[in-house]
Amino acid sequence: MHTGPQYTSPQQQAGGNGGRGAALLIGVIAFAVVFLLIVGVTVGYLVLRPQGGGGPAVTSSSASGAVDPETTSASETESPTPTDVVAERCWSPERSERTSTNPSGKLRGGGLQFIPPALYDLRSGAQITAYSNDLQGAQALVEGTWYSTMSVGAIQWQPGIEYPGAEVASQTIVDCYFSAPIWGETTGRSLDDEITEPVTISGMPGYRTTAVVNFTYSPMEKTSATELVVVVLETDQGPSLFVTETAVGVPEHEEAADQAYASLTGIS
């Protein structure tokens, strides 16, 4: 601690001037350092601060332009989920489900019902008809193990595939019926005289497709051909169908198929 003024020689005064110069230089350097720190902090805040409205902070990237993997959003890294469904030819549900109950004297399936002819005294549930469910059918013996059949049910299209409408549905179901493995020992099969036309039954619009399956060889004596009729209607319960497979050349079966078609109605 100093107690009073100090005497300084000329040599000491000269050295003191040098000390003040050195001190001034140090002060300038210190000021520059502080200034740079202030500027750096300010720039860093402007660059790294959150965006307006509370948005995400700016993410950094490497010199090559690649985004830091830690800042990549989940939507950019997740693999896309496949949504395309491959349409199966002649699709059918794995299990046939019966959801309708037959009223007295009628057979019901989907949004349709009909009166089975007395000749068709055999009943069947699950059928080979493609794109359908809730099926109920009746059968009449032709000969041996060959039967004429008729049935009603609900249209059930393959999940993920858009329902094409009654016209295309009736055509597709006829084609699938023809290609089904139900024709036994017959050979030389051909699908002939196919016709599709609009129909309205009991106020329900739809389409009917008819065709004849001919055989060049048939083990039966009574018939060598089968007539297919597929009617698809828009009912209050959804698209539904009526199908007949009738032995050609067996008059009582042909008449019975016409009677069943005439009795076809919706569910009131």
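To be clear, the structure that these remarks concern was listed above.
Residues numbered from 1 in each chain as written. Predicted model: local features only at pLDDT ≥ 70, side-chain atom pairs only at ≥ 80, totals over all residues. Heavy atoms only, no water.

S.K.: Account for unusual backbone geometry, with residues named and values stated.
M.R.: One can expect most non-glycine residues to show negative phi and most peptide bonds to be in trans. The backbone of C90 sits at a positive phi, close to 55 degrees, despite the residue not being glycine. Here C90 falls in the partly exposed class, since its relative accessible area comes to 21%. For S202, which is not glycine, the phi dihedral falls at a positive 50 degrees. By the element assignment, S202 lies in the loop between β6 (190–201) and β7 (204–214). (Buried < 20%, exposed > 50% of the residue type's maximum accessible area, 1.4 Å probe, protein only. Helix = DSSP H or I, 4+ residues; strand = E, 2+ residues; numbered from the N terminus.)

S.K.: Tell me about helix α4 (residues 251–262), residues and numbers included.
M.R.: In an α-helix, one full turn covers 3.6 residues, which means residues spaced three or four apart are oriented alike. Under the 1.5 Å per step criterion, the end-to-end length of α4 is 17 Å for twelve residues, consistent within 8% with the ideal 16 Å. Along α4, the residues classified as buried are H253, A256, A257 and A260. Taken down its axis, α4 places every buried residue within 105 degrees of arc, on the same side. Turned more than 90 degrees off the buried face of α4, the exposed positions are D258, Q259 and A262. Where the residues of α4 are buried, they touch β2 (112–114), β4 (132–143), β5 (146–155) and β9 (238–247). (Expected span 1.5 Å × (residues − 1). Arc of directions from axis to C-beta. Contact = heavy atoms within 4.5 Å.)

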